[in-house]
Each structure stands twice: as structure tokens, then as C-alpha cells.
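Coordinate inspection notes
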Amino acid sequence: MALRLLFLDMNAYFASVEQQDNPDLRGRPVGVVPVDVDSSCCIACSYEARAAGVRTGTRVSEARRRCPGIALVRARPERYIEIHHRIVATVEKHLPVETVHSVDEMSCRLMRNEREPADAVAIARRMKQAIYDGVGGHLRCSVGLAPNVLLAKVACEMHKPDGLTVIDHGDLPGALHHLALRDLPGIARRMEARLRAAGVETVADLCARPKADLRRIWGGIVGERWWHWLRGDETYLAPTRRRCVGHEHVLPPHLRTDHGAWGVALHLACRAAMRMRKLRYWATHLHLFVRPMKENGVFPPLWEGKARLGSVQDTPAIVEKLRTLWAQRPPRRPMIVGVSLTGLIPDRSATRPLFPGERRRVELSRAVDTINERHGPNAVYFGSMHGMAVPLRIPFGGVPEVPRATHADLGSTAAG
Ligand SMILES: [Mg+2]
């Protein structure tokens, strides 16, 4: 029985990156906004802004009212991702990162000789200091140490900013009793309502319920896992087999043309193919959908097309089918485009290409992935995608590779 997981969370991450980069913002209330218009809202805010009652989700107009001195700055996703990669690299000098949970959260597994609380705390202190010394002295992070990842995250949330909290087996379940149900990661409004309907009002109630009760409340095995997690056990969720890799994009007004939408579809297909190769799957079907713009005040029906691929992993084969599907769509002004690769087969059971030409195309696609991983996602791209860059977004639960340079300053090579 010992500490197994370290969870690290960067505090007020986007806002503190802005304060790190711009000394004028330090010590001041800062709100990070996607666009600086009154109807927009803060997607992050500094602790100084929080003290004035500004939160993530507060509208810009309301933030200005509550905190007249607030500095509103435009979000710079590329910069946050770049700093994220530097933080990961710094953390890895101390412990291998097991999971990157989001752009500002990651967890590491402690080795056998690192699991005593005094040793684990010493590692965590060194790790935090290395981030402040090496990445930025105005960044802050909190660390939680616990026997499993759920409790490590709970510990991490307990003291912010700059906290370091241990929850060990001996502290359970008492260390959790002061929390609200919604403080537990994975319990949101609907789950809370279900728990209350079952007579669970507090975390103490939750900890006291037998395993069978939790199984019934959650409606399955997940409830049993919660019973174990709350006791410091580690249980693994069996990896569910992935059935589909896909992306969709709401077109900005200037790309709502046949040519613009085609470029985006192509970009989405290339990204999906790259992700599929990274996950070691082969696709058997390609799916394309286009949602048209309103016509005379009503949305025309969504158009969907599907094509059989055989068993493919290479981008050229996927693009060829995409082109065929694209030609079949009705001529309407597009608003949203989505591309997915479906019917995925894991690497070990896929039929490999028989012909040397097909094999070479798979190798070429993998080579393109390697170059793009090293030099940024658009270092090499298909000629028909030129000028079709889709804005970068940071998805929850994953972090895209940092673009180290733009098309122009890399002097990109168009491939395909
Ligand atoms: Mg955070």
C-alpha cells in the first residue's frame, strides 16, 4: 500500500502563460478571450480576476463590470501548446508521463522505490521547482499524490494554486468527506442527481455504500470501479475498441464555397488518416457529410456519402475515394463538413497491401507523418490543401502536436 500516481495541473494555465510572456500583465486581473467582443466570454482567468468574481464562462461585458481594471487578451492556442510540450519535457526529467489528460494536466506513475510519501513529496517538489526555473517563474502548478489516478486528481484539486497534497491509504475515506459530490472528477450534474435520487447526499454517504449499491446506481461495472477507486485501489478500464476516427469543421464564411469546403474536407481526411495510423488502425470505410447553409430560412437536409475502402492506411487512397464522394454531393453552399474513417481494424488483424505500389503509399504516408510530427502538422501537405489551413483548436483530453512553424516560414513542400 503506497502512493502510485502523481497528478500535475497547471493553475490558471492560459492566463498565467500570458502573464509569463507579458510582464505588464503580472499581478493584474487577466481574462483570456477567444475574440474581444462583448458577447464573447472568458475561457480562462488569472487568480487576480477570480478574486474580483470573474470565472471561466463569464461574459466579457460582465467581466468588465465586475472588474473594471481587467486586461482582456486574445487566446494564443499555439503558444499554450508550445509551453505544454516544454512542461511535459521538464516533468519527464523527473518521472515518465503516463497520461496527458489535457493541455494543462498530466499524470505520472511512481516506481516502486519512489512510493514512500517522503520520497514522492521530494520528487514532486523538485518537479515543480524545475517547471518554475526552466519553463516560467510566473507559472504555477498543483500536484496531487495518491494510490490511484482519480484520488491523485482529487488531491491535486484540493490546494490551488501551487499546492502539493498527499492522500494515502491511511487517510481514506476521511480525507474525502469534506468534498461535495461534484468535486469528484466524473460526477457532473446528471450523475449527482442520480446519486441523490438513490439517497447519496454526500461523499461520506458514497464511501459508505456497498459495492452492489454503486453498481446499481451507475448501472454497471463503472459503479464497482468507483467503489474500488474510493478505497485507493487501481482498476483499469478495458480499452474499448475504437470504431471510428473523424473530424468535422464549421466553415468560416470565406470557405463556404465549393473550393474552400473541398480544401477543408481534404485537410480533415488527412488529419483523420494520420490519427488512424498513429492509433495503429486500418480503415474499411470512408464517410463524408456536408451540412448546407440555410436556404430561404430553412436548413436543407444533411448530405452523407459512404464509400468502401477495402483495408487501407494510406492517405492517397483515402483522398481518391473522398474525391469520388465529393463529386456526388448536391451543389449547395456548404456550412459544416465532416470526414470519418470507419470500420476500423487493428493493425494485428488487418490484411496488408499485396501490391508494391500500395505498400509504398503506406510507407509514404508514414514518412509524411514523421516529418509533420517533427516539424509541425503542415510541414508537408497535399498540394490541393495549399492555403486551406484550418484554425487550430485545443480539444479536451488531447493535445495536438505543436506547430513549430507556419507554412510560409518553413518553405513547405507540397506532397501528393
Ligand atoms: Mg488547470
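Reference entry: report on the structure contained in this document. (Residues numbered from 1 in each chain as written. Predicted model: local features only at pLDDT ≥ 70, side-chain atom pairs only at ≥ 80, totals over all residues. Heavy atoms only, no water.)

In this section: the overall build of the chain. Helix and strand counts for the chain come out as 14 helices and 15 strands. Within the chain, buried positions represent 48% of all 416 residues. Excluding contacts between residues fewer than 6 apart, the proportion of contacts in the chain whose partners are at least 24 apart in sequence is 65%. Surface exposure of the chain reaches about 20,800 Å², of which carbon and sulfur atoms provide 53%. (Helix = DSSP H or I, 4+ residues; strand = E, 2+ residues; numbered from the N terminus. Buried < 20%, exposed > 50% of the residue type's maximum accessible area, 1.4 Å probe, protein only. Contact = heavy atoms within 4.5 Å. Areas by Shrake-Rupley, 256 points an atom, 1.4 Å probe, with all protein chains shown as cover.)

For side chains bearing opposite charge, pairing can occur when the charged atoms are close. Going through the model one piece at a time under the given rule, you end up with 24 salt bridges. Measuring nitrogen to oxygen at the nearest pair gives 3.2 Å for the salt bridge that ties E82 to R79. Taken together, the positions of E82 and R79, both in helix α4 (residues 77-91) and 3 residues apart, correspond to about one turn of that helix. Here E157 makes a salt bridge to K160, at a shortest N to O gap of 3.3 Å. E157 gets classed as partly exposed once you look at its relative accessible area, which sits at 36%. With a relative accessible area of 34%, K160 lands in the partly exposed category. Where salt bridges share partners, they join D9, E105, K153, E157 and K160 into one cluster. (Salt bridge = Lys/Arg side-chain N within 4 Å of Asp/Glu carboxyl O.)

Before going further, it helps to examine the coordination of the magnesium ion. Protein ligation of the magnesium ion involves D9 (OD), M10 (O) and D104 (OD), the donor distances falling in the range 2.2 to 2.5 Å. Spacing between the donor residues of the magnesium ion along their common chain follows D-M-x93-D. Note that D9 is positioned in strand β1 (residues 5-10) and D104 in the loop between β5 (97-102) and β6 (105-109), a separation of 95 residues in sequence. Residue D9 shares its accessibility class with D104, and that shared class is buried. (Donors = N, O, S within 2.8 Å, 3.2 Å for Na, K, Ca; no water.)

All right, on to the sheet that holds β1 then. Ordered in space as β5-β6-β1-β7-β8, the 5 strands form an open sheet in which the pairing is mixed. Strands at the two margins of the open sheet, each flanked by one partner only, are β5 and β8 (164-166). Pairs of neighbouring strands in the sheet enclose a mean axial angle of 15 degrees, with direction left out of account. Of the pairings in the sheet, the one linking β1 to β6 comprises 5 bridges and is antiparallel in character. Bridging across to β6, D9 finds its partner in E105. (Pairing = 2+ DSSP bridges. Axes fitted to C-alpha atoms, helices over the stretch in contact; angles between N-to-C directions.)

On to the nonpolar core, then. Grouped together as the largest cluster of nonpolar side chains are 38 residues, with contacts concentrated most on L6, L8, Y13, I87, V91, I131 and L145. Ranked by residues supplied to this core, first place goes to helix α5 (residues 117-134) with 7 residues. Contact partners of L6, with chain neighbours within four places excluded, come to L95, M106, S107, C108, A124, M127, V143, G144 and L145. Among the nonpolar cores identified, the runner-up in size contains 32 residues, and L266, V290, A317 and I318 belong to it. (Core = buried A, V, L, I, M, F, W, Y, C linked by side-chain atoms within 4.5 Å.)

Along the chain, C42 falls in the loop between β2 (30-33) and β3 (44-45). On a C-alpha basis, the gap between C42 and V73 in space is 9.4 Å, while along the polypeptide they are 31 residues apart. Not counting chain neighbours up to four residues away, the residues in contact with C42 comprise G31, V32, V33, V54, R55, T56, G57, T58, A63 and L72.

On to the side chain of T284. Within the fold, T284 resides in strand β10 (residues 281-292). At 3.0 Å, the side chain of T284 and the side chain of H285 are in polar contact. Discounting residues that sit within four places of it in the chain, T284 has contacts with A307, R308, L309, G310, T342, G343 and I345. (Polar contact = N/O pair within 3.5 Å; in protein donor to acceptor, adjacent residues only side chain to side chain.)

Time to look at the packing of aromatic side chains. In total, this model carries 6 aromatic pairs according to the counting rule given. Taking the centre distance of 4.3 Å and the plane angle of 10 degrees together, the rings of F14 and Y80 count as stacked. Of this pair, F14 sits in helix α1 (residues 13-21) while Y80 sits in helix α4, and the two are 66 residues apart along the sequence. Residue F14 shares its accessibility class with Y80, and that shared class is buried. Centre to centre, the rings of W226 and W229 are 5.5 Å apart; their planes meet at 75 degrees, and the pair counts as edge-to-face. On the criterion of helical spacing, the pair formed by W226 and W229 is a turn pair, its members being 3 residues apart in helix α10 (residues 221-230). Overall, the relative accessible area of 14% leaves W229 in the buried class. Among the aromatic residues, those joined into a cluster by ring pairs are Y13, F14 and Y80. (Phe/Tyr/Trp six-rings, centres within 6.5 Å; stacked < 30°, edge-to-face > 60°.)

We now examine the sheet that holds β3. Pairing is mixed in the open sheet, where 3 strands are placed in the order β3-β2-β4. A single partner strand is all that each edge strand has here, and the edge strands are β3 and β4 (71-74). Strand direction decides the pairing type here: β2 and β3, joined by 2 bridges, are antiparallel. When the sheet's bridge partners are listed, V32 is paired in β3 with A44. Docked against the sheet, α1 engages β2, β3 and β4, running at close to 110 degrees with respect to β2.

We now examine the environment of D38. Residue position: D38 is located in the loop between β2 and β3. With a relative accessible area of 44%, D38 lands in the partly exposed category. For D38 and A63, which are 25 residues apart along the polypeptide, the C-alpha to C-alpha distance reads 9.4 Å. Those residues within four positions of D38 in sequence are excluded, and the remaining contacts are R59, V60, S61 and R64.

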